[in-house]
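What follows is the residue order along each chain.
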Amino acid sequence: MAETIYDVAIIGGGPAGYTAAIRGAEYGLKVALIDSSDKLGGTCLKVGCIPTKALLFNAEIWDHLKHAADFGIEGIGAPTLNWAAVLNRKDAIVTKHIKGLDFLMKKHKIAVIQGTGRLTGPAQEGVHTVESKNAGGEVSQVKAKNILLATGSAAKMLPGLKPDDRILTNIKILSIVQPPKSLVVIGAGAVGLEFASIFRSFGTEISILEFLPRIAPVEDEEVSKELTRLFKKRGIDVNTGAKVEKVEKTETGVKVSFTDANGKPQVKEAEKVLVAVGRAGRTENIGLEKTKVELERGLVKVNEAQETAEPGIFAIGDIVSGLPQLAHVGAMSGMVAVAKIAGRNFRPVRRDRIPGCTYCEPQIGSVGLTEAQAKEKGYEVKVGKFPFAGNSKATILGSHDGFVKIVADAKYGEILGVHILGPQATELIAEAVAVMELEGTVEEMMFTIHAHPTLAESLLDAYGAVEGMAINA
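Here the structure is a predicted model, which means the values were calculated and not measured. Counting of residues starts from 1 at the beginning of each chain's written sequence and follows it residue by residue. Reporting in this predicted model follows two pLDDT cut-offs: at least 70 for local features of residues, and 80 or more for side-chain atom pairs to be given and counted; totals over whole chains, interfaces and linings ignore these cut-offs and use all residues. Side-chain figures throughout are based on the complete set of non-hydrogen atoms in the structure, without hydrogens or water.

Caption draft 1: Main features of the state of the cysteines. Throughout, disulfides are identified as pairs of cysteine sulfur atoms within 2.5 Å of each other. Applying the stated criterion to the full structure yields one disulfide. Covalently, Cys44 is tied to Cys49 through a disulfide, its sulfur atoms 2.5 Å apart. Its torsion about the S-S bond being -130°, the disulfide of Cys44 and Cys49 is classed as left-handed. With a 1.4 Å probe rolled over the protein chains alone, any residue whose accessible area is under 20% of its type maximum counts as buried; one over 50% counts as exposed, and the rest are partly exposed. According to the relative accessible area criterion, Cys49 is partly exposed, its value standing at 26%. For the unlinked cysteine Cys357, the closest cysteine sulfur is that of Cys49, found at 11 Å. Its sulfur unpaired, Cys360 is 11 Å from the next cysteine sulfur, which belongs to Cys357. When its relative accessible area of 2% is taken as the criterion, Cys360 is described as buried.

Quick look at the structure:
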């Protein structure tokens, strides 16, 4: 029987890898998907985006229950938290979507190979060979005309620390048996902010330690400032400019020693600590040294079609240099790569068209340039800002905090960035991405009808605010 030669073999079954596999099959390519786990989905589905957002939804319901009487709901008594049921629901959601991926692989006739994939060097006569080592140690070979590297990333840990039942990573914290009474969160990016928000809703005393001068440091400065105020209003202790010096275990929990923004030594004690200081791309031990693939700070350099310096080898997702480590970025970069392989048209991933979403309370959704970045690039900037306090749907939902901010070019009205802090910000931001992709202007959006009453109307008012003509403010 002739040896199977695939059009493309993908190493890694997370959002980047499985999306590329499905789209490749839709293009008519013969696809193999190699993953070290017997369950597809990667970090995002199994221990990242999906389970975390499931917990955030539970936290949102819990917060509403605290104010049930305000909505005319009486007689429910004091609600009690069944944490085991919360975790079971989270796990059921994950399981459902893992099964969904299995179905999609069969539907598209994608060969799924369980094993750890490793490059063996350049192509020989136009065919690459990947070694796949399964859980039992058996090694097989997968041959393909093209290879997609989609090996993802892993949580970084502070030097000298090892995860355990008190020093938690984003993975460990998803399976703790009860919400801790107190938690120190080291790092105020999306992961740190989301878990701080979740456990604060469930009554945990939270202290955030962020090394940079502000929380949500990649966001517009006004978003960071207002989120800090709202987190403090929720009773969250926020410390920025904090340099962690030492994390020690105590009889009852952990002790974190740090230097504050004024250079003074400080100590925070808690039951547990969550280390959320970023992620590192998994580029080691996959055979890159046997190829011309180039690395930059441990991440793979690619061109606009996701091609590496080694012919026939592409890189997508969290291991790509210059792209944020987000599931939706990985998925789109995978679709770009297989379009190139299939000879189809594609649009490269643009850094300034990537939505960033943080699902804390209140939510953050943003795309494009911040006000400071636009000014640094030499634009003459006009800004429109509209508070959710003026939006009737926000009043209906009982969620008035936050605002929509539009950063526009004063000369042509081009929308350079949109920054939302508030209810359903992670959903609302999709309009802004679409508008920017289509090069819409402030004037065009001021005459685009938005349904009433909706949260989306806040965008209409924000576009108007750029010209000093918001209706509801």
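Caption draft 2: Spotlight on a nonpolar patch on the surface. What makes a patch is a set of residues exposed beyond 30% relative accessible area and free of salt bridges, joined within 9 Å when like-charged and within 5 Å when nonpolar (Val, Leu, Ile, Met, Phe, Trp, Tyr). Each accessible area is a Shrake-Rupley estimate made with a 1.4 Å probe; only the visible protein chains count as cover when residues are assessed. Take a side-chain nitrogen of Lys or Arg and a carboxyl oxygen of Asp or Glu: if they are within 4 Å of each other, that pair is a salt bridge. On the surface, Phe57, Ile61, Leu65, Phe71, Ile73 and Ile76 cluster together into a nonpolar patch covering about 520 Å² of accessible area. The helix count covers DSSP runs of H or I at least four residues long, the strand count covers runs of E at least two residues long, and both are numbered beginning at the N terminus. Positionally, Leu65 belongs in helix α3 (residues 49-66).

Caption draft 3: Structural detail: the sheet that holds strand β21 (residues 363-368). Strands were regarded as paired on the criterion that DSSP finds at least two bridges between them. Reading across from one edge, β20-β21-β24-β23-β22 is the order of the five strands in this open sheet, with antiparallel pairing throughout. Two strands close off the open sheet at either side, each with one partner strand: β20 (356-358) and β22 (381-387). This sheet shows a mean twist of 10° between the axes of neighbouring strands, independent of strand direction. As paired strands, β20 and β21 are joined by three bridges and run antiparallel to one another. Fitted lines through C-alpha atoms give the axes, limited to the stretch in contact for helices. The angle between two N-to-C directions lies from 0 to 180 degrees.

Caption draft 4: The arrangement of the packing of aromatic side chains in detail. For this analysis, a ring pair means two rings from Phe, Tyr or Trp (six-membered ring only for Trp) whose centres lie within 6.5 Å, classed as stacked if their planes differ by under 30 degrees, edge-to-face if by over 60, and tilted for the remaining angles. Applying the stated criterion across every chain yields a total of four aromatic pairs. On the numbers, 5.8 Å between centres and 45° between planes, the contact of Trp83 with Phe199 is tilted. Of the two residues, Trp83 sits in helix α4 (residues 83-107) while Phe199 sits in helix α5 (residues 190-201), which places them 116 residues apart along the sequence. The same class applies to Trp83 and to Phe199, which are both buried. When the centroid spacing of 6.4 Å and the interplanar angle of 20° are considered together, the rings of Phe195 and Phe199 count as stacked. Here Phe199 and Phe195 lie together in helix α5, a separation of four residues that amounts to about one turn.

Caption draft 5: Here's a closer look at the packing of helix α10 (residues 425-437) against helix α12 (residues 457-466). Viewed as axis vectors pointing N to C, α10 and α12 meet at an angle of 50°, and their least axial separation amounts to 9 Å. As far as their axial angle goes, α12 and α10 are oblique. Counting all contacts with α10, which are made through Leu428, Glu431 and Val435, the residues of α12 involved are Ser458, Leu459 and Tyr463. Convention used here: angles under 35 degrees read as roughly parallel, angles over 145 as roughly antiparallel, angles from 65 to 115 as roughly perpendicular, and any remaining angle as oblique. Should any heavy atoms of two residues lie within 4.5 Å, those residues are counted as being in contact.

Caption draft 6: The arrangement of the nonpolar core in detail. Throughout, nonpolar core names a set of buried Ala, Val, Leu, Ile, Met, Phe, Trp, Tyr and Cys residues whose side chains join them through atoms within 4.5 Å. In this structure, Leu193, Phe199, Ile208, Leu227 and Phe231 are the most contacted members of the largest nonpolar core, which totals 37 residues. Listing elements by their share of this core, those giving two or more residues are α3, α4, β9 (182-186), α5, β10 (205-210) and α6 (221-233). Counting residues per element, this core draws most heavily on α5, which supplies five residues. Of all hydrophobic cores here, the second largest spans 27 residues; its members include Ile420, Leu428, Val435 and Val442.

Caption draft 7: Structural context of the environment of Gly192. Among the structural elements, Gly192 can be located in helix α5. Judged by its relative accessible area of 0%, Gly192 falls in the buried class. Between the alpha carbons of Gly192 and Phe388 there is a distance of 25 Å; along the sequence they are 196 residues apart. If we skip the residues at most four places from it in the chain, Gly192 touches Val185, Gly187 and Ala276.

Caption draft 8: View of the packing of α3 against α5. Here α3 crosses α5 at 35°, and the two axes come no closer than 9 Å. Here α3 runs over α5; the crossing is left-handed. In contact with Thr52, Lys53, Leu55, Leu56, Ala59, Trp62, Asp63 and Lys66 of α3, α5 contributes Glu194, Phe195, Ile198 and Ser201. Gly is placed with the polar residues, together with every amino acid not listed as nonpolar (Ala, Val, Leu, Ile, Met, Phe, Trp, Tyr, Cys and Pro) or charged (Asp, Glu, Lys and Arg). Within the contact of α3 with α5, the residues separate by chemical class into six nonpolar, two polar and four charged. Left-handed describes a crossing whose near helix is turned anticlockwise from the far helix by less than a right angle; the clockwise case is right-handed.

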